[in-house]
Amino acid sequence: MTLPPSATDRLLSVYLVLSQYPVLATRVRDLMRRELFRQGFLDQQDFEQEVIQKAIQSQEREGLQQPQIEEPAEVWERRKSIVRDQMTDFYFSHHLSFELIEDLIEEVLNERGVTTREALYEFNPEIAPQELLFNQGMMIERMPPEERKHLEHRLREIKVVLIRNMVSDQLRYINIARNWFTISDLAEIQRHKIGHGRIGGKAAGMLLAARILQGSSRDDVRENLRTPESYFMGSDLLYTFVSVNNLHHWNDQKYKSEDEMRRDYPKILEEYDKCEFPPSVTQRLEILLTTVGKQPLIVRSSSLLEDNFGTAFAGKYESIFCPNQGTLEENLEVLTRSIARIYASTLNPNALLYRRSRGLQDYDERMAVLIQVVEGNQFGNYYLPDLSGVAFSHNQYRWSPQIRPEDGFIRMVWGLGTRAVDRVGNDYPRLVALSHPTLRPSNTVKSIRRYSQQYVDLIDLKDNQMKTLPIDDVLTGDYPPLRYLAQVDQEGYFRSIRSRLVDADPSQLILTFEDLLRRTPFGERMRYLLNVLENEYQSPVDIEFIADILEDKGKPEIKLSLIQCRPLSYMKEENQVSLPRNLNDDEIIFSSSIMVAGGWLEEINHVLFVPPEAYFSLPTQSGRNKLERAIGKLNGALKGMNFICVGPGRWGTSNPDLGVHVDYADIFNTKALVELSGEGIGPAPEPSLGTHFFQDLLEGQIFPLATYIGEDNFNREFFYDTPNRLAEWIEVEPDMFERLRLIRVSDFKENQHLELVMNGQEGRAIAFLAESPRGRDGTLQ
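On a predicted model such as this, the values are computed, not experimentally measured, just so you know. (Residues numbered from 1 in each chain as written. Predicted model: local features only at pLDDT ≥ 70, side-chain atom pairs only at ≥ 80, totals over all residues. Heavy atoms only, no water.)

## Let's talk about the nonpolar core
Then, number 1: Counting 86 residues, the largest nonpolar core has M412, W414, F522 and M526 as its most contacted members.
Then, number 2: Apart from the residues lying within four places of it in its own chain, the contact partners of M412 are L387, S388, G389, P429, R430, V432, F513, L516, L517, F522 and F545.
Then, number 3: Within the second largest apolar cluster, 38 residues are counted, among which are F241, V281, L332 and I339. (Core = buried A, V, L, I, M, F, W, Y, C linked by side-chain atoms within 4.5 Å. Buried < 20%, exposed > 50% of the residue type's maximum accessible area, 1.4 Å probe, protein only. Contact = heavy atoms within 4.5 Å.)

Here it is as structure tokens:
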């Protein structure tokens, strides 16, 4: 007789509870065998003989040549006990009913004075098998509302334990997730999980955000939201990988000096690249590849600390695209090498120094891995999404006073999202203020053309590799959603595309995204979902997304895939910071009028300055690398000091020809980062809003500013003629003094320091001289 599902769940739950108490489980199996013998299904002597035979067979499978004498007696007895229990379960399930075993379990519990109901719920979820938690949780979720009501507290406890063990142990995350995840949601995660441990912060944030939006009251949001097909490698697999490949000698990297970290990292990458995975993991990855077929994949880091409140780790670890167009063996080799590379990135000096700067050095930062099918469409030999980008629910850096910060902003591109989240040196994503989506930082035809996207990242299916190509080489008039992405540059103005086929020359197509913002629900929908997520997180958030533009009978629709969500760090703005009005020109050291957030930096005593002429005249990349390392050393030496950095072009750019190519680890002690442009330097840098580097600055409370020489104030005498104090802080080669200057403010004017006042409402900042305070004894403080 087969029990109904609810009864089966209940029976299995009780049986799993009993499995935690060996004495009770042994007694139940004794009664099961008693019934098999009593009802004539088995002969007791024959059964015991079969137990011995199967136990010997198991010894032989383990390589014992003389099983009866090579194994200690206590091990032999334990082996027979395990075989006996397995055979008991097998024969009972074939000959007797579920109802009978329920009666036997109740008989054992009654012998102990315990009811079935008490056994079902009186166990400790913290130490219970995961199978038991899932089974009991699902059983409670399936109950009618009236029956379930008195067990809601039990269900919440089970969910919290599962979330903490499988997903994230961060309390602020758990406090939100327990209200949204169901046991079925968690079971789905478990089905896509390889190995033990948690799935890490990046995967956790993505899944929670998707679950919150699936509960939206708006049909159009729910129906057009997708979650990429995802697989999770548990964080404990990193330890297995390290043990199997004998990599323990690198475990103390986080405690080494920066020079030692940077010296060792190439060797670490080389060693990790040669490592192997356990067969059990390789087999699961083969099944994964067989399941997804030829769809391109992305392998993403998902460490335990990533994407948490106050610790985004933006861009610190690697994400690697796998085109996945080779044979199964070739694809598996690329996939395993990518995972190994991500494991190695846990020892990346930039990640380790970031942890040190955030007080996280001693945390056991294990790396989980998120493997996802890349969302997109095939266009000829290329595979790419229609839209990718990053969106923020709060916008502190406004390029116009009418922009509402609480409506957020988007940084988006055509193609893969790498060009949106990285500060690439030769390209410009589209910035969208969601309160006024079509309002640009500059609206002249020349500036729109100049600051439009020039290159696209995509996957070349034929060549089986990720590529960066000029827009003109890829975008043609027959690209399906072209009219929502591009406009035609025609005799000094931009013409919208009104038909599906365009005969314009590809060089005339400019990615403005203007009609996407005017004619589709994209902007309004993004604003809505960001608001929903911010309300649930009780914090501003940023998300990474992929979108496809579809048409149904001429009406555009946006299919959105959320691939990341994390709490957003933002600058702590001073209330009503007023700019000083009566300053003399010789008191102003520099000013800024390009996207300023509110704030006030007091008593700045040092300025790190990279002279633009000296930087751009460096003939070799190795010379620029030496400068970057010197900046990093000076940053470390100035720890605890109030200083700011001023230099040419884009700080943190991936292209050293356009600015100072440093990482966050090189400048994390500074209070502000000022980018110079204008006379002899170049155009104003493209705003870095939304990049990983920009996120690091916000998280570290480092104010980004831009000064356009020729329009903003810039005191050349201060920056060029004040003595260079570099040698007092770090040891450098003689030629470094003309490329890197450390200015002590009081050398320019005795008893003075800098004050940097930033007014977000006016969009202006001023750094000016102020008298340093004196103590009661008259000495400078």
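From this point, the discussion proceeds with the structure in view.
## Side note on the environment of K159
Then, number 1: As for its position among the elements, K159 is in helix 10 (residues 152–166).
Then, number 2: With 58 residues separating them along the chain, K159 and I101 place their C-alpha atoms 29 Å apart.
Then, number 3: In this structure K159 touches R178, F181, T182, I183 and L186, once residues within four positions along its chain are discounted. (Helix = DSSP H or I, 4+ residues; strand = E, 2+ residues; numbered from the N terminus.)

## Some remarks on the side chain of E514
Then, number 1: Along the chain, the position of E514 falls in helix 24 (residues 514–519).
Then, number 2: Take E514: its relative accessible area is 11%, and that puts it in the buried class.
Then, number 3: For E514, the residues in contact, after removing those within four places along its chain, are R430, T438, R440, Y484 and Q487.

## A word on the packing of aromatic side chains
Then, number 1: Enumeration over the complete set of coordinates arrives at 21 aromatic pairs.
Then, number 2: Seen from their ring centres, F241 and Y343 are 5.1 Å apart, and the 55° between their planes marks the pair as tilted. Note that F241 is positioned in helix 15 (residues 237–244) and Y343 in helix 18 (residues 328–344), a separation of 102 residues in sequence.
Then, number 3: On the basis of relative accessibility, which here comes to 1%, the residue F241 falls in the buried class.
Then, number 4: Here the aromatic rings of F522 and F545 are separated by 5.9 Å at their centres, their planes lie at 50°, and the arrangement is tilted. On the criterion of sequence distance, the pair formed by F522 in helix 25 (residues 522–537) and F545 in strand 17 (residues 541–552) is long-range, its members being 23 residues apart. Pair check on accessibility: F522 and F545 agree, each one buried.
Then, number 5: Aromatic ring contacts, followed pair by pair, group F609, F714, F718, F719, Y720 and F748 into a single cluster.
Then, number 6: Cation over ring: R716 sits above Y720, and NZ or CZ is 4.2 Å from the ring centre. (Phe/Tyr/Trp six-rings, centres within 6.5 Å; stacked < 30°, edge-to-face > 60°. Lys NZ or Arg CZ within 6 Å of the ring centre and 35° of its normal.)

## What about the packing of helix 8 (residues 130–141) against helix 12 (residues 183–191)?
For any two helices packed against each other, one specifies the crossing angle of their axes together with the interaxial distance.
Then, number 1: Following both chains from N to C, one finds helix 8 and helix 12 inclined at 145°, their axes separated by 9 Å at the closest point. Here helix 8 and helix 12 pass one another in a crossing that is left-handed. For the pair helix 8 and helix 12, the contacting residues are Q130, F134, G137, M138 and E141 in the first and I183, S184, L186, A187 and Q190 in the second.
Then, number 2: When its residues are assigned to classes, the contact of helix 8 with helix 12 shows five nonpolar, four polar and one charged. (Axes fitted to C-alpha atoms, helices over the stretch in contact; angles between N-to-C directions. Left-handed = near helix turned anticlockwise from the far one by under 90°. Nonpolar A, V, L, I, M, F, W, Y, C, P; charged D, E, K, R; others polar.)

Functional significance is not addressed by these values, which are geometric in nature.
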